[in-house]
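Listed below are the residues making up each chain.
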Amino acid sequence: MMNEVWIWAEQRGGRLLGISLELLNKGLELSNELKAELAAILIGDRAQNLAQELIAYGAGKIYLIEDPKLKLYQSDIYARIMAGLIEQHKPQILLLGGTAIGMDLAPRVAAKVKTGLTAHCVDLYIEEINNNPCLVAVVPGFGGNLMVKIVCPQQRPQMATVKPGVMEMPSRNEKRAGQIMKVEAQIKDEEFKCQTIEMVEQEPTGVPLEESAVVVAGGWGLNSAGGFKLVEELAEVLGGAVAGTRPAVDAGWISEEQMLGSSGKTISPRLLISIGASGQMHFTTGFLKSKVIVAINNNPKSPIFEVCDIGLVGDLRKIVPCLVEDISSRAPRTHRRADFSSSIPASR
Amino acid sequence: MDFGLSREQEMLRKTVREFAENELRPREAEFSQPEGEWPYDVWNRIAELGLIGLAVPKEYGGSGMGHLARMVAIEEISRVYPGWGAHLRGFGLVPYLLLNHGTEEQKKKYIPRLVKGEIQGSLANTEATGGSDMIGIETTAKLDGDHYIINGRKVMISRSTVSDVFAVTARTGERDRDISAILIEANTPGFQRGRVENLIAHSRTSPVGEFTMTDCRVPVANRVGAEHRGLGVILGAINGAGRTGGAGICLGIAQAAVEIGTKYAKERHLYGKPLTDLQSILFWIGEMERHVVRARWLCYHAAWLLDQGKRPEEIRAEIAMAKLDASEAALHNCLKAIEIHGAYGTATEFGLIRKFKAALDMIAAAGSNNISRLIMSGATVEKY
Amino acid sequence: MDIIVCIKQVPNPEHFSKITIDPQKGTIRREGIPAVVNPLDRHALEEALRIRERFSGKVTAISMGPPQAREALEEALAMGIDDAVLLCDRAFAGADTLATAYALAGAIKKLGKFDLVLCGNETVDGATGQVGPQVAELLGVGHVTYVNKVEFVDGESLIATRTIERGCLKVKVRLPALLAVVREINKFRLPTALSIIEATKKEIKTWTNKDIGAREETIGLSGSPTQVTGGFKLELKRKCEILDDSPEVMAKEAVEKLRELGAI
């Protein structure tokens, strides 16, 4: 067995997805701990330049498979190639991004090589189990209420799909060196039980409130700002949805469908920012399960400050514009980071 | 004693609840609008799910699941929107009437179409002289060859603007009790729909109104049951399918109220604690549950007895007690839930006032509570 | 067209907050939580029924689970499918996705020739979305996940449209194949009074491993390469870090904290 940690570097339309780089970073961490080499599998058409990028981001070796027929994701061929490489080189670990395509490819490969696969990991680390260094995967279960730890003690490689947007990005270094191993695809037409014939790109239409990862909710306090403009601006830079309280509906700033609380909607986004709402129970009950809650209000005694993680006491007319500026001034990335930073929300 | 619902009844409850939650709840505001067309699309969905014909045998287009199944369906719909539960109840009376007293021709002519929701039928007994006072009616049906000539005015008729056929009570003889039940179609010349009442729970979905019949010629073949024996025919329907249906509506209201009240009490904090920590409110919650659970057993038992083949007259006390009890449970639970909500209790967004209005309507509807008292008390005197 | 639908009975998502981890064993405790048919499986059942309405044929649902899972199959029958099989055997218990796939594939092979296997893209509990593709691999047929539309070319192939982030892929699929469907594919029907009565008359077959003959080391706990070693409940205790400073300072600090938390 090769002492290698592998990641699958997904590309679409000739660009590396952000998750591919996040996997590299995590892969680096794991391979350092295992004193192993980090390699990436890259499949596509004319992807040499992407291979170079992967090396710059830390991959020591790239298994590069190029073929015009593989420009779009082809499940049968991609899986066959990946399984073939695994059988040949027997890596310890293989990580894939939990994208719509990664989630399609990983289980097929795992079944081909008869190994264990853990889905949607939010954390990965090495732990000694029976004197063996094993990969521990942490995954959210039951709608995120529980975190479960999963291991694959015997079969190899230990496979996992990783939730995009959770792991850190690696740093880029032009000077890094690495090997590019070209692998012939050797495609036979009979292999295609399924064949992707077309990719149709669509700009995402408005994400429903319940599925939005970020929600900015406003209350009556926005009256001082003359309306919801600040809420909408903040939501825009965060790529989130707009919601609010009953008074906000009555004032005509939002529609009934955007109301949160016991007579409105209940949501559990990754981030909920409450602006200008005092935080009465029948409002906050609509979002108590959010991962992170931020509250902005000028009254330090407001009940909203009892249910938030971060509270900002002060004038929202001054605070929100500062937030908008700080957030939109993030350092730009060299590669377009796919901002579907939660994978396609699990259909309900 | 096996108190469990059958697997079929459980699955039916599940499907009706899902229908009510997904297709009725989002449209509550729309249904409650005062004016507008009657929502035929909802009735068609109810027909599609087979809910109209639950107590109708397969040979006439129903599923034959029975009266308990029907009560469960009415309860589940009323838990979300009592107005639709009232329709499921009300539109089931004419089929019931025909099943028990109709000729084969009448059954075949009307029941399948009623069950499919293609046409609707209403019972029309009440007049200005009263509803419970059935002998006091003044509508007449004079025999003319093989036709009746009907003259009269019926009031407070639910769904008067929607139904296509009405089973009316009319005097066909000299004596006080010479009353017959006759089917009259709304397109009969001389049949005229009148004004709609402004009842407290009125909405486009629940029209209650009057109609007049002026020299309406109706074939004698439209009479249901023997001549001059209409009281028994109509009362059978009112007691059997009517009162049990009314009980189902009240059960649904009572159930909704305990759910709404309890959820609110768990979430709302006062003095730094949830309301459920205050013993007085905690006890109200337990009492609400006790009321609806008790009422439910009375009601299910009555419906079960019907399914065992008992005639409504045989079990009139059980049916009367069930409706009365469920009605009181609905009123009690709505009031308590409103109190739990404090000042918000009368706010429209919590839906309690709408449920309470429906509960108020149900005091007199579906066989009034005082008639229930009359029946159950008379039966008790006989019994001991 | 003969279709097999794999369904699963799962805890009712509305009650997820009541599910806990046993602090000593590290196992998931879900007793007493009401169960439902996995929501996406209902879309799979609906799609199968629509295909049957178009092409005629037979729809069979199979489910691997404890005896209680027969309720899920009853509900599937109440939607109108033809036949149902419950795979119930201690030997299947404790299975991860691969071991589950072995059991399901074994049962499907025993059912005989099929044109399509349908399933929901993922379950609400595990939400791995892995069983579908793994069953397909074991059956040696092609698979497509995240399917939101199916268009038949003829009786031997179809075009499946599948969701990806920011768009769709159109995939030409040779039958037999496995499709894992998402919510957007259809609106599923509710059982009607008549279909409920018809359903309760049908018999649900129960198969053990003896009936499907899977090798013991491929199924159940022994057939599971992955294992749960522990878990913890996410604490919803809020940090309540209240900042009271100038707007600029507070905003900067808040944004930094949010980045650390991975919230933005």
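Residues numbered from 1 in each chain as written. Chains lettered and ligands numbered in written order. Predicted model: local features only at pLDDT ≥ 70, side-chain atom pairs only at ≥ 80, totals over all residues.

Draft legend 1. Looking closely at the overall build of chain A. Within chain A, the secondary structure is distributed over eight helices and 18 strands. Each of the three principal axes of chain A carries a C-alpha extent, and together these read 65 × 45 × 40 Å. Evaluated residue by residue, chain A yields a buried proportion of 53% over its 348 residues. Excluding contacts between residues fewer than 6 apart, the proportion of contacts in chain A whose partners are at least 24 apart in sequence is 65%. (Helix = DSSP H or I, 4+ residues; strand = E, 2+ residues; numbered from the N terminus. Buried ≥ 20, exposed ≤ 12 C-beta atoms within 10 Å, placed from the backbone. Contact = placed C-beta atoms within 7 Å.)

Draft legend 2. A look at the interface of chain C and chain A. With 77 residues of chain C in contact, the opposing surface of chain A contributes 79 residues. Of the residues that constitute the side of chain C that touches chain A, the class distribution is 40 nonpolar, 19 polar and 18 charged. Here strand S18 (residues 310-313) of chain A pairs with strand S15 (residues 241-243) of chain C via three bridges, running parallel. Counted as the bridge partner of A:Gly311 is C:Ile242 from S15(C). (Nonpolar A, V, L, I, M, F, W, Y, C, P; charged D, E, K, R; others polar. Pairing = 2+ DSSP bridges.)

Draft legend 3. Highlighting the domain arrangement of chain A. Under the domain assignment used here, chain A contains domain 1 (4-191) and domain 2 (209-328). For domain 1 of chain A and domain 2 of chain A, the distance between their C-alpha centres works out to 38 Å. (Domains from an automatic or database assignment.)

Draft legend 4. Layout of the interface of chain C and chain B. Taken together, the contacts link eleven residues of chain C with 14 residues of chain B. Mapped by element, the contributors of at least two residues to the side of chain C that touches chain B are helix H2 (70-79) and helix H5 (193-201) of chain C. Looking at the side of chain C that touches chain B, the element that brings in the most residues is H5(C), giving five residues. A class-by-class count of the residues in the side of chain C that touches chain B yields seven nonpolar, two polar and two charged.

Draft legend 5. Quick peek at unusual backbone geometry. With an omega of 0 degrees, the peptide bond between A:Arg156 and A:Pro157 qualifies as cis. By the element assignment, A:Pro157 lies in the loop between strand S10 (146-151) and strand S11 (158-162). Notably, A:Lys35 is not glycine yet its phi reads approximately 50 degrees, a positive angle. For A:Lys35, the position within the fold is in the loop between helix H1 (18-34) and strand S4 (37-44). We classify A:Lys35 as exposed; it has 8 C-beta atoms within 10 Å. Unusually for a residue other than glycine, C:Tyr146 sits at a positive phi of about 55 degrees. Along the chain, C:Tyr146 turns up in strand S9 (residues 142-152).

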